[in-house]
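# Summary of structural features
One-letter residues, chain by chain:
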Amino acid sequence: MRKLLVSAAILMICSAFLFAGGAEESTNSIVVATDATWPPMEFMNDNSEVIGFAIDMFDEVAARAGLEVEYLPTAWDGIFAGLSNGAYDAILSSVTITEERQEKYDFSIPYINAGQILVVRSDSDSSLTHLDDFAGLSVGTQIATTGELEVKKYPDVVSKTYDEIGFAFEDLVNGRIDGVMTDTPVAADFALQSSAYEGVLKIVGEPYTSESYGIVFQKGNDELRETINTALQSVIDDGTVEELIKKWLR
Ligand code: ARG
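A quick note: this is a predicted structure, and the numbers were derived from the prediction, not measured.

## Description of the overall build of the chain
Counting its secondary structure elements, the chain contains 9 helices and 15 strands. Here the chain holds 250 residues, and 46% of them are scored as buried. Counting contacts in the chain only where the partners sit at least 6 residues apart, residues at least 24 apart contribute 69% of the total. Of the accessible surface of the chain, which amounts to about 12800 Å², a share of 52% is contributed by carbon and sulfur atoms.

Below, the structure is given as structure tokens:
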């Protein structure tokens, strides 16, 4: 019995080495880009580790798909170009599946729904509840997001774009802009969960859009997309995603 245990242990150690040694070149390891400035979906904790709903979800997806995953923090501006250039295998970054993006990239099945919503300062004029009321006022978004597209539908509103949504919220709090339009979970995080902004910001009105997030792949990378879709479907079906919604999106 003891002998058996020892050889089992040796076997485990050997295979661990094999796996580690091969990881670099192995097709079983992938690099996933994420703009980790988007709490609670993907963001950095105080130790500069990438965490969030999407990371927990994808860790589980990768485990079920037999993939080792490295998350590569990547600026939003340029994150699609990097995928095209082959700098990484996929983007996991709360990317809304849009027709325009589908022309250039392939998407996984959707993993969550979100929509654009408006955030203002708690002390702002109570008549400011909709972008219709924002003629001549400025609204911040992260550049090249569906939030920016939404604000641009209102030509009288002054659109201000930022590299990171956190900078837009900073400007809102400091009175340099009048509103921020962003994905609902992110709006809720900054307006309701953030200790720095508690009581200072509020969400107004209803979501402007209904959007689905997907993981993004290079066009034609069907093998990886299908592998991930299968695992993603299973974490949706068995309630894992629902658990993560409870954990991260209150
Ligand atoms: N859902 C929006 C879009 O796809 C914003 C995503 C931004 N994601 C991020 N991690 N900064 O345009």
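## Quick look at the pairing of strand 1 (residues 29–34)
As paired elements, strand 1 and strand 5 (residues 68–73) share 6 bridges and run parallel to each other. Residue pairing for strand 5: Ala-33 is matched across the bridge by Leu-72. The sheet contact formed by strand 1 and strand 6 (residues 90–91) spans 2 bridges and is parallel. By the bridge assignment for strand 6, Ala-33 is matched with Ile-91.

## Points about unusual backbone geometry
Cis geometry marks the peptide bond from Pro-39 to Pro-40; its omega dihedral reads 5°. Mapped onto the secondary structure, Pro-40 falls in the loop between strand 2 (37–38) and strand 3 (42–44). For Ser-48, which is not glycine, the phi torsion reads 60° and is therefore positive. Turning to its location among the elements, Ser-48 is positioned in the loop between strand 3 and strand 4 (50–51). By relative accessible area, which is 54% here, Ser-48 ends up exposed. Within the chain, Ser-94 stands out as a residue other than glycine whose phi angle is a positive 55°.

## Topic: the environment of Pro-155
Locating Pro-155 in the fold gives a position in the loop between helix 5 (146–152) and strand 11 (158–162). Separated by 19 residues in the primary sequence, Pro-155 and Gly-136 place their C-alpha atoms 9.5 Å from one another.

## Details of the sheet that holds strand 2
If you walk across this open sheet you meet the 3 strands as 2-3-4, and the pairing is antiparallel. The open sheet terminates on both sides in strands that have one partner only, identified here as strand 2 and strand 4.

## A look at the packing of aromatic side chains
For the coordinates displayed, the defined rule picks out 8 aromatic pairs. Taking the centre distance of 6.4 Å and the plane angle of 75° together, the rings of Phe-58 and Tyr-71 count as edge-to-face. Taken together, the residues Phe-58 in helix 2 (residues 53–65) and Tyr-71 in strand 5 connect sequence positions 13 residues apart. Consider the rings of Tyr-154 and Tyr-208, whose centres lie 6.5 Å apart with planes at 80°: the pair is edge-to-face. Here Tyr-154, found in the loop between helix 5 and strand 11, pairs with Tyr-208, found in the loop between strand 13 (201–204) and strand 14 (211–213); they are 54 residues apart in sequence, far enough to count as distant. The class of Tyr-208 is buried, set by a relative accessible area of 17%.

## A look at the layout of surface pockets
A water-sized probe, rolled over the atoms, reveals where empty space remains. Its volume calculated, the largest pocket comes out at about 390 Å³. Lining the largest pocket are 14 residues; nearest its centre among them are Phe-80, Thr-98, Glu-100, Arg-101 and Ala-144. At the level of elements, helix 4 (99–104) and helix 5 are the ones that each hand at least two residues to the lining of the largest pocket.

## Some words on helix 9 (residues 240–248)
Among all positions of helix 9, only Thr-240, Val-241, Leu-244 and Trp-248 are buried. Taken end-on, helix 9 shows its buried residues confined to a sector of 95°, consistent with a single buried face. In this structure, the buried side of helix 9 is in contact with strand 3, strand 4, helix 2 and helix 8 (222–237).

So, how was this worked out
Every chain begins its residue count from 1, and numbering advances along the sequence as written. Given that the model is predicted, a residue must reach a pLDDT of at least 70 before its local features are reported, and side-chain atom pairs must reach 80 or more before they are shown or counted; all residues, however, enter totals for whole chains, interfaces and linings. Calculated side-chain values reflect all of the structure's heavy atoms, with hydrogen atoms and water omitted. In this description a helix means any DSSP run of H or I spanning at least four residues, a strand means any run of E spanning at least two, and both kinds are numbered starting from the N terminus. Think of it in three bands: residues with accessible area under 20% of the maximum for their type are buried, residues over 50% are exposed, and the middle band is partly exposed, with areas taken using a 1.4 Å probe on protein chains only. Whether two residues are in contact is decided by their heavy atoms, any of which lying within 4.5 Å being enough. We get accessible surface area from the Shrake-Rupley algorithm with a probe of 1.4 Å; when it comes to residues, only the shown protein chains can shield them. Should DSSP find at least two bridges between two strands, the strands are regarded as paired. Between rings of Phe, Tyr and Trp, where Trp is taken as its six-membered ring, a pair exists when centres lie within 6.5 Å; planes separated by under 30 degrees are stacked, by over 60 edge-to-face, and by other angles tilted. We place a 1 Å grid over just the protein atoms. Points where a 1.4 Å probe fits but has no way out form a cavity, open points with protein on both sides within 12 Å along at least 5 of 7 lines form a pocket, and any residue with an atom within 4 Å of a point lines it. Grid points are joined across faces, edges and corners, and a volume is the space filled by probe spheres set on the points. Each C-beta atom gives one direction from the helix axis, and the arc is the one those directions make.

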